[in-house]
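Summary of the model geometry
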Number of protein chains: 2
Amino acid sequence: MSITQRQSRQQAESFLNTLSGSYFPQSTREFIRGSEEDIRVPFRRIHLSDTLHQPTPGSIMPSNPPLDVYDTSSVYGEPGVRVDVRNGLEKRRAKWVEKRKQNQEYGPTQLASARRGIITPEMEFVALRENLGREDLPNPVTPEFVRNEIAAGRAIIPVNHNHPESEPMIIGRNFLVKVNANIGNSSVTSSIKEEVEKLVWATRWGADTIMDLSTGRNIHQTREWILRNSPVPVGTVPIYQALERVGGIAEDLDWPTFRQVLEEQAEQGVDYFTIHAGVLHDFISLTANRVTGIVSRGGSIMAKWCMAHQAESFLYLHFRDICALCAKYDISLSLGDGLRPGSIADANDEAQFAELRVLGELTQIAWEYDVQVMIEGPGHVPMHKIKENMDEQLKHCHEAPFYTLGPLTTDIAPGYDHITSGIGAAMIGAFGCAMLCYVTPKEHLGLPNKDDVKEGLIAYKIAAHAADLAKGHPGAQARDDAMSKARFEFRWEDQFNLALDPVTARAYHDETLPQASNKTAQFCSMCGPKFCSMKISHEVRQYSGNRIDIKVLNAATKESDT
Amino acid sequence: MSITQRQSRQQAESFLNTLSGSYFPQSTREFIRGSEEDIRVPFRRIHLSDTLHQPTPGSIMPSNPPLDVYDTSSVYGEPGVRVDVRNGLEKRRAKWVEKRKQNQEYGPTQLASARRGIITPEMEFVALRENLGREDLPNPVTPEFVRNEIAAGRAIIPVNHNHPESEPMIIGRNFLVKVNANIGNSSVTSSIKEEVEKLVWATRWGADTIMDLSTGRNIHQTREWILRNSPVPVGTVPIYQALERVGGIAEDLDWPTFRQVLEEQAEQGVDYFTIHAGVLHDFISLTANRVTGIVSRGGSIMAKWCMAHQAESFLYLHFRDICALCAKYDISLSLGDGLRPGSIADANDEAQFAELRVLGELTQIAWEYDVQVMIEGPGHVPMHKIKENMDEQLKHCHEAPFYTLGPLTTDIAPGYDHITSGIGAAMIGAFGCAMLCYVTPKEHLGLPNKDDVKEGLIAYKIAAHAADLAKGHPGAQARDDAMSKARFEFRWEDQFNLALDPVTARAYHDETLPQASNKTAQFCSMCGPKFCSMKISHEVRQYSGNRIDIKVLNAATKESDT
């Protein structure tokens, strides 16, 4: 190894080591074993402390069961595991891929298998993974349920055969709501090292998939590093690289160039492609009177091409070729909404819905090829127009999973668009959207840095979880309940450890009450020791208990009186 | 003036001067004149730059009209005005109060006047204020509409006669959604200087009312400073001071002590009182099996009192006395939800709704006394249970305005509860909630500092505005449209200036593209110069224009063909 290589490796390792700090104290990595030894579903177990204050004198000190949470960080979340980013992650899924290739009856894709009644290891894996926290509840997620949802087109497992480093996950409205994080460099800033770091960072804070939206130089190399080190599915927008290849001149794009890019990315292992095949030539003029025209990059590139050639989109015309290619690798299609609204003013207009109906047609074509499909959605939508988006998508796209960016519920708060869009994301998630594409505080302003990625992810994990609660997901409320009980019992450390972001929760608490003794204090800084409402309401239980006893006694006496 | 006094004054002035920086560049303070000279409604006018890029060569450079926005910062937002915090603000409303006292037919309160068909200067003021941005639209807000809403109990103008420094504002679901910010010291931390600074800071970022929730020493003095310097209505929870007065022992509270506190606060000028008169003795046991019991401080104090005395709440028993006192000063009642849920698990339970029904009864009693009323609401509610809160409140409380804390839509993100609750706040605002009590990132963890107050307010201004849009408020979308147009035309400075927080928007942009030249660049850092979708879609307009011409031509030709 040369000195330069050594330095480079040390550098690469050192940034990963910065990620392995104790972000999640009192957490351990555990696994659920499936029917085969190599089906091992990782999750994080948060260990809780005992209830300190006895409900009644002399009673046994109650312990609190640990809480198990879904975890996307894979080996990066395993203590002691060192990842050599130059070699990439272990190819844990390689055997399953091999088995599929050798076994003709599986068919090329998860959808093909599902339709043939075959439960793949990936399906079993996601069933166990989704089931976390609801094993003891009625209606657990079974592998058969997963298979059926995939067969119906209501859910997808994005898994390129050439990305065996990934851990299977499922996107569909009858499962936990998922979150995607966009990373990727642009020609203006960013570096490869930063991108891999962002990937690891994103999975630490809960990204279920990531999209590599690189537009600058070294697209291919960046993606290779990301894929080889990514435990989550990776999506791309291939038109970006195709445009790069023709020197940034949209008019110079053509099908052979695009196809070449698709093949290269497919070969590398990209799990899902965003394809803006619904931007038809005739829809372009529908956007002419919009306040913000076409804001999707892919959409505007294709619009420009159609205008220059006065011809129909080559993506639309070659859609069957695209499907054939995707089927070969089991790449899922994420049908892009190139005409999504870019402002409150443009929400739910004819351009948007005209494209949506075409995406519905394309969905059925993809299904002919056993290709898994999801549909991308807006964007910028005021609250009262969000449900219509979900309703129209379900109706026209035959219940294929919906995957939306936000939507932002107002345009007036640049710098806070993780919040303007978190509101819309939570709502559309509750209405049935299967995956939420995060928005960072830098949206509309600049490229997100590490802090922004985290801020965006936390906001979206909140939105996704709020949606899971609203949908009545049986296991979702367990974490809320554990937190609420810890809060009621003044178990401060448990409150921090149960939080989506223990680091920040602890730091905020310590800002006001830094002493260690306050971590077990029966009060907080909001009210101080005298006023604590939680403390008072503990006394209610005893009082109510007594009163109920008295009532029972009174009732008994009265009965013997009559 | 002594040296100490001088130093103290200098200190007080210096912290206010730190607030008068250019937070809102290109903004001017303007006024709308009403029917009388002393009805002067302040607002902020954001001046916009011209559209730089001509739609067609040779056309006139289009200018963009300024945008007028609602502004609660009063003199603190007027350039060049120096406030001597020791003397307090000018008592601009004093003449109106005098007129009311001299004119028997007005009645004691805004509600009394409204019922008698009288349009007060306060009503005219709020009509002009609410009307901002919709003067040219159909259905402007008229003073008569305001009067009618108040008469019906659907809206309130909280204005204590003894707080003539305040600028009238209205709370009701047929008006703009309002935001309250809680400030106030506790026994653990904070100082008077900090509290006045927080007040000014809160109004700068859009607080419509503030609540002084001080629980520590110097409650009276803190409140005096706040009231004399507050241009917005000030609310309190008088039970906190009453408890302080009896040494923190809830059992030692009694009606004479409480009444004394009410009178003192009324005399000082508090505009609305939170009174937890709906926590009845019999409801306490309904909370015994909750996960988080009673989390409202006022609620738990009263529960403790009821338990200790095995008696009915003195607030409930003396409610008519409270009303009589409030009527004298025109203090509005904010009927507290002492049994609001403190966790997702406890949302919408019988304890909560039993209390809500009592608040409905109390509303009608208050109205007998011409006292204005609003109703406080939760708390912690998952998304799918939010609408029921609004529906039940409207039904049982006779359409009195609803004023909710959040609600938080999940418990799992301490450190981010401005977001967990911003989601719920936006939703309940859209359903008809009139005022949203902000939640800061420090909720459940510590006391908010200046940054937290700002974070909380921005999140809640987003929620309130998203709700205004969803409710179809005619003027609301003007700001979104101005922002979107500026975005589409690459007017970066205008985007910053139109933002809720121009400072942050600009800082985020400059982080990636610091050069001044990039403020007029036709691209942003997200895509870089080659890829910009906005730029491409500008070309669509010209193309569509041409195509439409061709179509018209073709159509004309065809017609002559046939």
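Conventions adopted
- Residues numbered from 1 in each chain as written.
- Chains lettered and ligands numbered in written order.
- Predicted model: local features only at pLDDT ≥ 70, side-chain atom pairs only at ≥ 80, totals over all residues.
- Heavy atoms only, no water.
- Helix = DSSP H or I, 4+ residues; strand = E, 2+ residues; numbered from the N terminus.
- Buried < 20%, exposed > 50% of the residue type's maximum accessible area, 1.4 Å probe, protein only.
- Areas by Shrake-Rupley, 256 points an atom, 1.4 Å probe, with all protein chains shown as cover.
- Phe/Tyr/Trp six-rings, centres within 6.5 Å; stacked < 30°, edge-to-face > 60°.
- Least-squares fit on C-alpha atoms with pLDDT ≥ 70 in both.
- Contact = heavy atoms within 4.5 Å.
- pLDDT = per-residue confidence, 0-100.
- Pairing = 2+ DSSP bridges.
- Axes fitted to C-alpha atoms, helices over the stretch in contact; angles between N-to-C directions.
- Parallel < 35°, antiparallel > 145°, perpendicular 65-115°, else oblique.
- Left-handed = near helix turned anticlockwise from the far one by under 90°.
- Buried area = accessible area lost by both parts, 1.4 Å probe.
- Salt bridge = Lys/Arg side-chain N within 4 Å of Asp/Glu carboxyl O.
- UniProt positions renumbered as here; feature names shortened; annotations may be inferred.
- Polar contact = N/O pair within 3.5 Å; in protein donor to acceptor, adjacent residues only side chain to side chain.
- Nonpolar A, V, L, I, M, F, W, Y, C, P; charged D, E, K, R; others polar.

Attention now moves to the overall build of chain A. For chain A, the helix and strand inventory stands at 21 helices and 13 strands. Across the 562 residues that make up chain A, the buried fraction comes to 64%. For chain A, the exposed area adds up to about 19700 Å²; of that, 50% sits on carbon and sulfur atoms.

The next thing to look at is the packing of aromatic side chains. Counted by the stated rule, this structure contains 22 aromatic pairs over all chains. Judged by centre distance (6.2 Å) and plane angle (90 degrees), the rings of A:Tyr272 and A:Tyr403 are edge-to-face. A residue pair is termed long-range when its members are at least 10 positions apart, and A:Tyr272 in strand E9 (residues 272–275) and A:Tyr403 in strand E12 (residues 402–405) qualify at 131 residues. A:Tyr272 sits in the buried class, given a relative accessible area of 0%. Take A:Tyr403: its relative accessible area is 3%, and that puts it in the buried class. Between B:Trp96 and B:Phe125 the ring centres are 6.3 Å apart and the planes differ by 65 degrees, which places this aromatic pair in the edge-to-face class. Here B:Phe125 lies in helix H4 (residues 121–131) and B:Trp96 lies in helix H2 (residues 94–102), a separation of 29 residues in the sequence. An aromatic cluster is defined as three or more aromatic residues linked by ring pairs; in this entry it consists of A:Tyr23, A:Phe24, A:Trp201 and A:Trp205.

Quick look at the relation of the copies chain A and chain B now. In the superposition of chain A on chain B (RMSD 0.0 Å, axial shift 0.0 Å), the rotation amounts to 180 degrees. Viewed as a symmetry operation, the transformation between the two copies matches a two-fold axis. For chain A, the minimum C-alpha distance to the rotation axis belongs to A:Ile423 and amounts to 2.4 Å. When the interface residues of chain A are mapped onto chain B, 100% of them again fall at the interface, so both copies present the same face.

So, about helix H7 (residues 219–229) of chain B. Burial within H7(B) is extensive, with 8 of its 11 residues counted as buried. Within H7(B), burial applies to B:Ile219, B:Thr222, B:Arg223, B:Trp225, B:Ile226, B:Leu227, B:Arg228 and B:Asn229.

Bringing the environment of A:Lys193 into the picture now. All names here are of chain A. With respect to the helices and strands, the residue Lys193 is situated in helix H6 (residues 192–204). Looking at Lys193, the relative accessible area reads 31%, which means it is partly exposed. Separated by 28 residues in the primary sequence, Lys193 and Gln221 have C-alpha atoms spaced 11 Å apart.

For the rest of this paragraph, the subject is the confidence of the model for chain A. Residue and element names in this part refer to chain A. Averaged over all residues, the pLDDT of chain A equals 88, while 86% of them reach at least 70. Within the model, pLDDT remains below 50 along residues 548–562, and this stretch shows 0 contacts once partners closer than five positions in the same chain are excluded. Interface confidence for the predicted complex, expressed as ipTM, amounts to 0.92; the pTM equals 0.93.

Another point: the sheet that holds strand E13 (residues 435–437) of chain A. Residues and elements named next belong to chain A. Taken in spatial order, the 8 strands line up as E6-E7-E8-E9-E10-E11-E12-E13 and close into a barrel, and their pairing is parallel. Going across the sheet, the axis of each strand differs from the next one's by a mean of 25 degrees, ignoring polarity. In terms of strand pairing, E9 meets strand E10 (residues 332–335) through 4 bridges, oriented parallel. What sits directly across from Thr274, in E10, is Ser334. Of the strands in this sheet, E9 and E10 are in contact with helix H12 (residues 319–329), which crosses E10 at around 140 degrees. Against the sheet, helix H16 (residues 450–470) touches strand E6 (178–183) and E13, its axis set at about 160 degrees to E6.

This part is about the packing of H4(B) against helix H5 (residues 143–151) of chain B. Residue and element names in this part refer to chain B. Direction vectors running N to C along H4 and H5 enclose 115 degrees, while the axes themselves pass 8 Å from each other. Compared by their axis directions, H4 and H5 come out roughly perpendicular. Considering the relative orientation of H4 and H5, their crossing is right-handed. Mapping the contact onto sequence places Met123, Glu124, Val126 and Ala127 in H4 and Pro143, Val146, Arg147 and Ile150 in H5.

In this section: the interface of chain A and chain B. Of the residues lining the interface, 115 residues belong to chain A; the matching set on chain B comes to 115 residues. In total, chain A and chain B occlude about 9400 Å² of area from one another, counting both sides; carbon and sulfur atoms represent 67% of this. Scanning the region where chain A abuts chain B turns up 2 salt bridges. Notably, a salt bridge pairs B:Lys442 with A:Glu511, separated by 2.7 Å at the nearest N-O pair. With 11 residues, the top contributor of residues to the side of chain A that touches chain B is H16(A).

Before going further, it helps to spend a moment on the UniProt feature "binding site: Zn(2+)" (unreviewed entry) in chain A. The positions UniProt marks with the feature "binding site: Zn(2+)" (unreviewed entry) are A:His380 and A:His444. Taken along the chain, the residues just named run across 65 residues; in space they keep tight, none of their C-alpha pairs more than 12.2 Å apart. By secondary structure assignment, the location of A:His380 is in the loop between strand E11 (373–377) and helix H14 (386–396). Setting aside chain neighbours within four positions, we find A:His380 in contact with A:Pro341, A:Gly342, A:Ser343, A:Ile344, A:Ala347, A:Pro407, A:Leu408, A:Asp411, A:His444 and B:Arg487. Engagement of the side chain of A:His380 in a polar contact is seen with the backbone oxygen of A:Gly342, the distance being 3.4 Å. Within the secondary structure, A:His444 is located in the loop between E13 and H16. If sequence neighbours within four positions are ignored, A:His444 has contacts with A:His380, A:Leu408, A:Asp417, B:Arg487 and B:Trp492. Among the polar contacts listed, one links the side chain of A:His444 to the side chain of A:His380, at a separation of 3.5 Å.

Let us look at the packing of H7(B) against helix H9 (residues 255–268) of chain B. Residues and elements named next belong to chain B. Running from N to C, H7 and H9 cross one another at 30 degrees; their axes reach a closest spacing of 10 Å. Overall, the two elements H7 and H9 adopt an arrangement that is roughly parallel. You can see that H7 and H9 cross each other, and the crossing is right-handed. Two secondary-structure elements touch here, H7 through His220, Arg223, Glu224, Leu227 and Arg228 and H9 through Glu264, Gln265 and Gln268. Residue composition of the contact of H7 with H9, grouped by class: 1 nonpolar, 3 polar and 4 charged.

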